[in-house]
There are 2 protein chains.
Amino acid sequence: MKSICSFLKIRFLIACLAVLGLASLGFAQQSLPSWNDGAARQAIESFVERVTTPGSADFVAPAERIAVFDNDGTLWSEQPMYVQLAFALDRVKALAAEHPEWKEQAPFKAVLAGDLKGVAAAGERGLMELVMATHAGMTTEEFERIVKEWLSTARHPVYQRPYTECVYQPMRELLEYLRAHQFKTYIVSGGGIEFMRPWAEAVYGIPPEQVIGSSIKLKYEVREGRPVLVRLPEVDFIDDKAGKPVGIHRLIGRRPIFAAGNSDGDYEMLEYTTAGSGPRLGVIVHHTDAEREVAYDRASVFGRLDRGLNDAPGKGWILINMKQDWRAVFAK
Amino acid sequence: MKSICSFLKIRFLIACLAVLGLASLGFAQQSLPSWNDGAARQAIESFVERVTTPGSADFVAPAERIAVFDNDGTLWSEQPMYVQLAFALDRVKALAAEHPEWKEQAPFKAVLAGDLKGVAAAGERGLMELVMATHAGMTTEEFERIVKEWLSTARHPVYQRPYTECVYQPMRELLEYLRAHQFKTYIVSGGGIEFMRPWAEAVYGIPPEQVIGSSIKLKYEVREGRPVLVRLPEVDFIDDKAGKPVGIHRLIGRRPIFAAGNSDGDYEMLEYTTAGSGPRLGVIVHHTDAEREVAYDRASVFGRLDRGLNDAPGKGWILINMKQDWRAVFAK
């Protein structure tokens, strides 16, 4: 009997190894097919190998493998304007019939006239008025439905396809690659948290609890016996610039070991992430590809990258050169 | 060759089933040994079986299996006072030498004189002064160190052991039991988020990113080249009563399917959780055990349970009768 038991144990162990083997084969297949074999890809792969190799001096326990990603310009296109701004402008038009006063009232008048310069002239305060008029007053469930409906019909003005198809294929692969190596991937965006959550899981594989963003205040109410959360026209938190490390700490409570951004709005997130002890990696998507997307950095209205471009070499942040490093920009 | 391949495939499948079999055996062993076989335990087990049985009408996908737990009085003792209040009082004493003015200044004077009635007389505003004086002004890392140091030396005044050993053993088992069934367990407490995160993982198996609580504002700063988050003496969010569903939505973005509380501070969390569509369970820890812990509900200063006690039967919330339902209260 003893030899049979031993035999079965060995069989069992071999089968377990086979399962593990298949799993690691899966990992290899989930690598980065849309990335050219340049410095950026090598830096990422080398970092991931170091932090995931047991016994390595740089090994990081899976629970501490937190990776944070900006959204606009890092995971999806932010040109010719932020997607959420396009949403707000469309919502003003959709709601105009209920607000006859908007015809004469800035910044709504400019939106309804299609006068983008007029909208811009209204400045930050005008933009906030647009956001509150279109993002507040409803329940969280109603807002989720509005976002989903808009995304199902709206089209990107240049690429003429749904915005959720204007996401960067190499970055999707990077998210998957990190998750296959037991990283927990988060979005940390200046955009609205509730604007991203309804689709981030389907598009990026990032569940609602791993989305961090700007928010307005919520109020708990029981309406006709049904508990709801009502969105109030009051800023709760701006998850941009120095707000990003705060948002990360509020929602995660650990310092990430990997951060990806593309603009100066991500500077503090990159700084906070890479200044931690132990192995860290910060990467910046540099929009260098005028042909397949848009080439922009220091002078751009949306996604301005100036300080980050100056400081990246000194800080050890890796610049991803879209034109050179990416085999494809969008999924076919 | 074909038959050998088939044979190997079958072997492989059997081994996979064996692995799964061992896993489910593990689940069975992780059941609720400190719970007597009463109505509460049965309601919990029946609920978990329904939502985790594939093909069941009540099946819930693992990603949606969100369980939220109050902390004070639900996971650990809140008598004779909230642990965090004991911490604040001890910190006032520890910091008194740096603040000679406190000797003559309410509510600090009362704290230093050991006059708890005087502390209580200072009301909510006085309590807030104590919290800000002891919880703000340092970095998040410094505060974490202070909390850990205090917990390593402080003793519960009645049980004479570390506060982290005054947690309810049956609730720890419940947390494990739910996680073994692919629930994601969260703390949702009126207590400070930063006061709980340093030890929640070791004590409850709940990582920092799954702790929700009250918070003060944070400010990002680079001090001598080192990025830090400084704790400001300003309330950011109160995660209590109607704040709990708001906190849940801010950090999780999904409605839980299971909620456990013990006081009227948990009423809205229970209401919000159990009013969702599909299977839901709300449970209330009712402190009925004067011998092994403290018997309290409607008249208690800490953890008052009045409205919840009235409405539990109508809402279908399960009352856990500590005296009857729990074989043990604390771990031996």
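Keep in mind that this is a model prediction, so the values were computed, not measured.

*Asks:* Mind laying out the overall build of chain A, listing which residues take part and the relevant values?
*Replies:* For chain A, the helix and strand inventory stands at 13 helices and 8 strands. Referenced to the eigenvectors of the C-alpha coordinate spread, the extents of chain A come out at roughly 90 × 55 × 40 Å. Of all 332 residues assigned to chain A, the portion counted as buried reaches 39%. Summarising the internal contacts of chain A: among those between residues at least 6 apart in sequence, 64% fall at separations of at least 24.

*Asks:* Got a sec to walk through the packing of helix α3 (residues 83-95) of chain A against helix α6 (residues 123-135) of chain A? Specific residues and values, please.
*Replies:* Residue and element names in this part refer to chain A. It is at 9 Å that the axes of α3 and α6 come closest, and there the two elements cross at 60 degrees. When the interaxial angle is binned, α3 and α6 end up oblique. Crossing of α3 over α6 shows left-handed handedness. Note on element contacts: α6 touches α3 through Leu-130, Val-131, Ala-133 and Thr-134, opposite Ala-88, Arg-91, Val-92 and Leu-95. For the contact of α3 with α6, a count of residues per class yields 6 nonpolar, 1 polar and 1 charged.

*Asks:* I'd like a rundown of the interface of chain A and chain B, residues and numbers included.
*Replies:* Between chain A and chain B, the contact holds 32 residues from the first and 32 residues from the second. At the level of secondary structure, the elements contributing two or more residues to the side of chain A that touches chain B comprise α1 (2-29), β3 (211-223), β4 (226-237), α10 (243-251) and α11 (267-274) of chain A. The biggest single contributor to the side of chain A that touches chain B is α1 of chain A, with 6 residues. For the side of chain A that touches chain B, the class distribution of residues is 20 nonpolar, 4 polar and 8 charged.

*Asks:* Could you give an account of unusual backbone geometry, with specific residues and numbers?
*Replies:* Look at the link from Gln-79 of chain A to Pro-80 of chain A: it is a cis peptide, with omega at 5 degrees. Cis geometry marks the peptide bond from Ala-106 of chain B to Pro-107 of chain B, where omega comes out at 0 degrees. Among the structural elements, Pro-107 of chain B can be located in the loop between α3 (83-95) and α4 (108-112). Phi at Glu-224 of chain A is positive, roughly 50 degrees, even though this residue is not glycine. Within the fold, Glu-224 of chain A resides in the loop between β3 and β4. Residue Glu-224 of chain A is classed as exposed on the basis of its 5 C-beta neighbours within 10 Å. Its identity as a non-glycine residue notwithstanding, Gln-160 of chain B has a phi of 50 degrees, on the positive side. With respect to the secondary-structure elements, Gln-160 of chain B resides in the loop between α7 (140-153) and α8 (169-180). Since 7 C-beta atoms lie within 10 Å of it, Gln-160 of chain B is described here as exposed.

*Asks:* Give a detailed account of the environment of Lys-184 of chain A, specifying residues and quantitative values.
*Replies:* All names here are of chain A. You can see Lys-184 is positioned in strand β2 (residues 184-192). Here Lys-184 falls in the buried class, since 20 other C-beta atoms lie within 10 Å of it. With 122 residues separating them in the primary sequence, Lys-184 and Pro-62 have C-alpha atoms 8.3 Å apart. Once you skip the residues sitting within four places of it in the chain, Lys-184 turns out to touch Arg-65, Ile-66 and Gln-210.

*Asks:* Let's hear about the pairing of strand β1 (residues 66-69) of chain A: which residues, and what values?
*Replies:* Residues and elements named next belong to chain A. Here β1 shows no split at all, with Ile-66 and Val-68 on one side and Ala-67 and Phe-69 on the other all buried. Sheet topology places β1 next to β2; 4 bridges connect them, and they run parallel. From the neighbouring strand, Ile-66 faces β2, where its bridge partner is Lys-184.

*Asks:* Which residues make up the relation of the copies chain A and chain B, and what values go with them?
*Replies:* Note on the copies: chain A fits chain B at an RMSD of 0.0 Å, the axial shift is 0.0 Å, and the rotation between them is 180 degrees. Such a turn and shift between the copies fits a two-fold axis. Both copies share a contact surface, since 100% of the interface residues of chain A are interface residues in chain B too.

*Asks:* Talk me through the pairing of strand β5 (residues 258-261) of chain A; I want residue IDs and the actual numbers.
*Replies:* Residues and elements named next belong to chain A. Neither face of β5 is open: one carries Phe-258 and Ala-260, the other Ala-259 and Gly-261, and all of them are buried. Summarising the sheet, β1 and β5 pair through 3 bridges and their orientation is parallel. Paired with Ala-67 across the two strands is Phe-258, which belongs to β5. Where the polypeptide runs from β5 across α11 and back to strand β6 (residues 281-288), its parallel neighbour, the crossover connection is right-handed.

*Asks:* Mind laying out the confidence of the model for chain A, listing which residues take part and the relevant values?
*Replies:* One rule of thumb: low pLDDT means the predicted coordinates there are not for detailed reading. Residue and element names in this part refer to chain A. For chain A, the mean per-residue pLDDT works out to 92, and 91% of the residues sit at or above 70. Ignoring residues within four places in sequence, the model shows residues 1-8, a span with pLDDT below 50, making 0 contacts including any to other chains. For residues 10-30, every residue scores under 50 in pLDDT, and the model assigns this stretch 14 contacts once sequence neighbours within four places are set aside. Of the two predicted TM-score estimates for the complex, the pTM is 0.90 and the ipTM is 0.90.

*Asks:* Please set out the environment of Gly-123 of chain A residue by residue, giving values where relevant.
*Replies:* Mapped onto the elements, Gly-123 of chain A comes out in helix α6. For the pair formed by Gly-123 of chain A and Pro-107 of chain A, sequence separation is 16 residues and the distance between their alpha carbons is 9.2 Å.

*Asks:* Run through the packing of α7 of chain B against helix α9 (residues 193-204) of chain B, naming residues and quoting values.
*Replies:* Residues and elements named next belong to chain B. Following both chains from N to C, one finds α7 and α9 inclined at 65 degrees, their axes separated by 9 Å at the closest point. For the pair α7 and α9, the sense of crossing is right-handed. Contacts between α7 and α9 involve Thr-140, Phe-143, Glu-144, Val-147, Lys-148 and Leu-151 from the first element and Glu-194, Phe-195, Pro-198 and Trp-199 from the second. Its residues assigned to classes, the contact of α7 with α9 shows 6 nonpolar, 1 polar and 3 charged.

Cut-off values and rules
- Residues numbered from 1 in each chain as written.
- Chains lettered and ligands numbered in written order.
- Predicted model: local features only at pLDDT ≥ 70, side-chain atom pairs only at ≥ 80, totals over all residues.
- Helix = DSSP H or I, 4+ residues; strand = E, 2+ residues; numbered from the N terminus.
- Buried ≥ 20, exposed ≤ 12 C-beta atoms within 10 Å, placed from the backbone.
- Contact = placed C-beta atoms within 7 Å.
- Axes fitted to C-alpha atoms, helices over the stretch in contact; angles between N-to-C directions.
- Parallel < 35°, antiparallel > 145°, perpendicular 65-115°, else oblique.
- Left-handed = near helix turned anticlockwise from the far one by under 90°.
- Nonpolar A, V, L, I, M, F, W, Y, C, P; charged D, E, K, R; others polar.
- Pairing = 2+ DSSP bridges.
- Least-squares fit on C-alpha atoms with pLDDT ≥ 70 in both.
- Right-handed = clockwise from strand over helix to strand, strands pointing away.
- pLDDT = per-residue confidence, 0-100.

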